[in-house]
Amino acid sequence: MLIDTHCHLDFPDFDRDRGAVLESARRAQVRAVVNVGADLTSSRRGLALARAEEGVFASVGIHPHEAKGSCPEALEEMRALLADPKVVAVGEVGLDLYRNLSPPEVQEKVFRDFIELAAEAQRPLIVHSRAAADRSLGILKEQAAGRVPGVVFHCFSQDEPFLRRCLDAGFFVSFTANILYPSAEGLRTLARVVPSDRFFLETDAPFLAPSSRRGRRNEPAYLTELAQEVARIRGCEFDAVCAQTTENAKKFFGIKIDF
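This report concerns the structure included in the present document. Just so it is clear, the structure is predicted and the values come from calculations on it, not from any experiment.

Overview of the overall build of the chain
Here comes step 1: Check the secondary structure of the chain and you find nine helices and eight strands.
Here comes step 2: Relative to the globule expectation of 18 Å for 259 residues, the C-alpha radius of gyration of the chain, 17 Å, shows essentially globular dimensions.
Here comes step 3: Referenced to the eigenvectors of the C-alpha coordinate spread, the extents of the chain come out at roughly 45 × 40 × 35 Å.
Here comes step 4: Classification of the 259 residues of the chain by burial places 57% in the buried group.
Here comes step 5: A sequence separation of at least 24 residues applies to 74% of the contacts in the chain between residues at least 6 apart.
Here comes step 6: Carbon and sulfur atoms provide 49% of the accessible area of the chain, an area that totals close to 10800 Å².
Here comes step 7: Averaged over its 33 positive side-chain charges, the chain has a centre that lies 2 Å from the centre of its 37 negative ones.

Focus on the pairing of strand S3 (residues 56-60)
Here comes step 1: Counting buried residues along S3, five of its five residues qualify, which places the element largely inside the surrounding structure.
Here comes step 2: The side-chain alternation of S3 yields two buried faces, one formed by Val56, Ala58 and Val60 and the other by Phe57 and Ser59.
Here comes step 3: Here strand S2 (residues 30-36) runs beside S3; their pairing, made up of four bridges, is parallel. Across the sheet, the residue bridging to Val36 is Ser59, located in S3.
Here comes step 4: The parallel pair S2 and S3 is bridged by helix H2 (residues 40-52), and the resulting crossover is right-handed.

Points about the layout of surface pockets
Here comes step 1: Approximately 570 Å³ is the volume attributed to the largest pocket.
Here comes step 2: His63, His65, Glu92, His128 and Asp204 are the residues nearest the centre of the largest pocket, which is lined by 20 residues in total.
Here comes step 3: Elements with a contribution of two residues or more to the lining of the largest pocket: strand S4 (87-96) and strand S5 (125-130).
Here comes step 4: In terms of residue count, the dominant contributor to the lining of the largest pocket is S5 (three residues).
Here comes step 5: Its residues assigned to classes, the lining of the largest pocket comprises five nonpolar, eight polar and seven charged.

As for helix H6 (residues 160-168)
Given 3.6 residues to a turn, an α-helix orients residues that are three or four positions apart in the same direction.
Here comes step 1: For H6, the full list of buried residues reads Phe162, Leu163, Cys166 and Leu167. Each buried residue of H6 lies within a common arc of 140° when the element is viewed along its axis, so the set occupies one face. Across H6 from its buried face, at more than 90 degrees, point the exposed residues Pro161 and Asp168.
Here comes step 2: Those residues of H6 that are buried are in contact with helix H5 (133-143), strand S6 (151-153), strand S7 (172-175) and helix H7 (185-193).
Here comes step 3: One side-chain oxygen of the residue at the start of H6 lies 3.0 Å from the amide nitrogen of Phe162, identifying that residue as Asp159.
Here comes step 4: Two residues or fewer after H6 comes Gly170, characterised by a positive phi angle close to 90°.

Concerning the pairing of S7
Here comes step 1: Burial along S7 is two-sided: the face carrying Phe172 and Ser174 and the face carrying Val173 and Phe175 are both buried.
Here comes step 2: As paired strands, S6 and S7 are joined by two bridges and run parallel to one another. Residue pairing across strands places Val152 opposite Phe172, the latter belonging to S7.
Here comes step 3: Read as a crossover between parallel neighbours, the route from S6 over H6 to S7 is right-handed.
Here comes step 4: As paired strands, S7 and strand S8 (residues 199-201) are joined by three bridges and run parallel to one another. Bridging across to S8, Val173 finds its partner in Phe199.
Here comes step 5: Where the polypeptide runs from S7 across H7 and back to S8, its parallel neighbour, the crossover connection is right-handed.

Here we look at the packing of H7 against helix H8 (residues 223-234)
Here comes step 1: Orientation of H7 relative to H8, taken along the N-to-C sense of each, is 75°, at an axis distance of 9 Å. Viewed along their axes, H7 and H8 adopt a mutual orientation that is roughly perpendicular. Residue-level contacts link Arg188, Ala191, Arg192 and Val193 of H7 to Glu229, Arg232, Ile233 and Arg234 of H8.
Here comes step 2: For the contact of H7 with H8, the residue count by class is three nonpolar, no polar and five charged.

Re unusual backbone geometry
Residues other than glycine predominantly adopt negative phi, and peptide bonds predominantly adopt the trans conformation.
Here comes step 1: The omega torsion of the bond from Gly91 to Glu92 falls at 10°, within 30 degrees of zero and hence cis.
Here comes step 2: Tracing the sequence through the fold places Glu92 in strand S4.
Here comes step 3: The omega torsion across Ala205 and Pro206 is 15°, close enough to zero to call that bond cis.
Here comes step 4: Within the secondary structure, Pro206 sits in the loop between S8 and H8.
Here comes step 5: Unusually for a residue other than glycine, Gln122 sits at a positive phi of about 55°.
Here comes step 6: Its relative accessible area of 45% is what places Gln122 among the partly exposed residues.
Here comes step 7: Positive phi is not limited to glycine here, since Leu208 has a value of about 55°.
Here comes step 8: Among the secondary structure elements, Leu208 is positioned in the loop between S8 and H8.

So, how was this worked out
- Residues numbered from 1 in each chain as written.
- Predicted model: local features only at pLDDT ≥ 70, side-chain atom pairs only at ≥ 80, totals over all residues.
- Heavy atoms only, no water.
- Helix = DSSP H or I, 4+ residues; strand = E, 2+ residues; numbered from the N terminus.
- Rg over C-alpha atoms; globule rule 2.2 N^0.38 Å.
- Buried < 20%, exposed > 50% of the residue type's maximum accessible area, 1.4 Å probe, protein only.
- Contact = heavy atoms within 4.5 Å.
- Areas by Shrake-Rupley, 256 points an atom, 1.4 Å probe, with all protein chains shown as cover.
- Lys, Arg positive; Asp, Glu negative; His and termini not counted.
- Charge placed at Lys NZ, Arg CZ, Asp CG, Glu CD.
- Pairing = 2+ DSSP bridges.
- Right-handed = clockwise from strand over helix to strand, strands pointing away.
- 1 Å grid on protein atoms, 1.4 Å probe; cavity = no way out; pocket = protein on both sides within 12 Å on 5 of 7 lines; lining within 4 Å.
- Points joined across faces, edges and corners; volume = space filled by probe spheres on them.
- Nonpolar A, V, L, I, M, F, W, Y, C, P; charged D, E, K, R; others polar.
- Arc of directions from axis to C-beta.
- Polar contact = N/O pair within 3.5 Å; in protein donor to acceptor, adjacent residues only side chain to side chain.
- Axes fitted to C-alpha atoms, helices over the stretch in contact; angles between N-to-C directions.
- Parallel < 35°, antiparallel > 145°, perpendicular 65-115°, else oblique.

Written out as structure tokens, the structure is:
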């Protein structure tokens with residue numbers, strides 16, 4: 001069995017067939033998903049979906065692209081949403097200095113606000129970091145280490161020295177299907193060397209579809225292709241990858257579900 005630890009099923013891409021997408025995931029043995037919030041509206045929708053569907057859990061947060069729209073009232077509502085047992089994490093939050101759709105100083109303030117919220121609520125943190133690796137890690141080591149019960153760099157795309165720094169800080173990483181892309185040999189190396197108890201898998205659906213489905217919408221069901229590739233890279237059985245990453249995700253997010 002598998003857990004998709006990061007997807008966006010609340011996005012409009014799934015409005016016409018969300019139920020069918022979830023059923024397809026279940027048939028593919030993806031028995032749980034974490035629907036990750038990107039702003040206040042997305043976080044509300046994600047929690048509504050989690051409340052309505054067995055095996056769906058939610059996180060709440062404001063993506064750095066949307067940081068410019070954050071306000072104290074939004075933060076207070078996020079705090080209230082975190083009281084729901086179906087909300088298992090804070091995120092995705094962080095820094096994106098590649099596209100800079102929100103001013104960097106605003107991104108950092110919102111990132112720090114949500115680190116504090118995660119520490120207060122004792123929920124793990126899902127981090128988005130693009131073109132901001134050193135700054136993101138520095139803030140997390142300064143403000144989150146020892147205070148937040150877990151930190152994961154989602155869609156990990158850095159190099160091996162940065163991976164080692166994350167691991168040394170006690171953080172996790174998550175891989176997406178971009179490791180299947182022909183140009184991703186560096187990521188495949190990281191998937192080979194990361195300790196078995198410090199990573200999990202995600203689709204980031206509707207983004208980053210596997211190579212076999214490039215140009216199409218990604219879905220949680222396609223997580224099996226990623227798990228198969230990770231098994232090949234690591235030279236182990238597919239079932240072993242499924243079991244280990246599922247156990248890692250259950251512990252990290254506090255997901256209590258029997259498979």
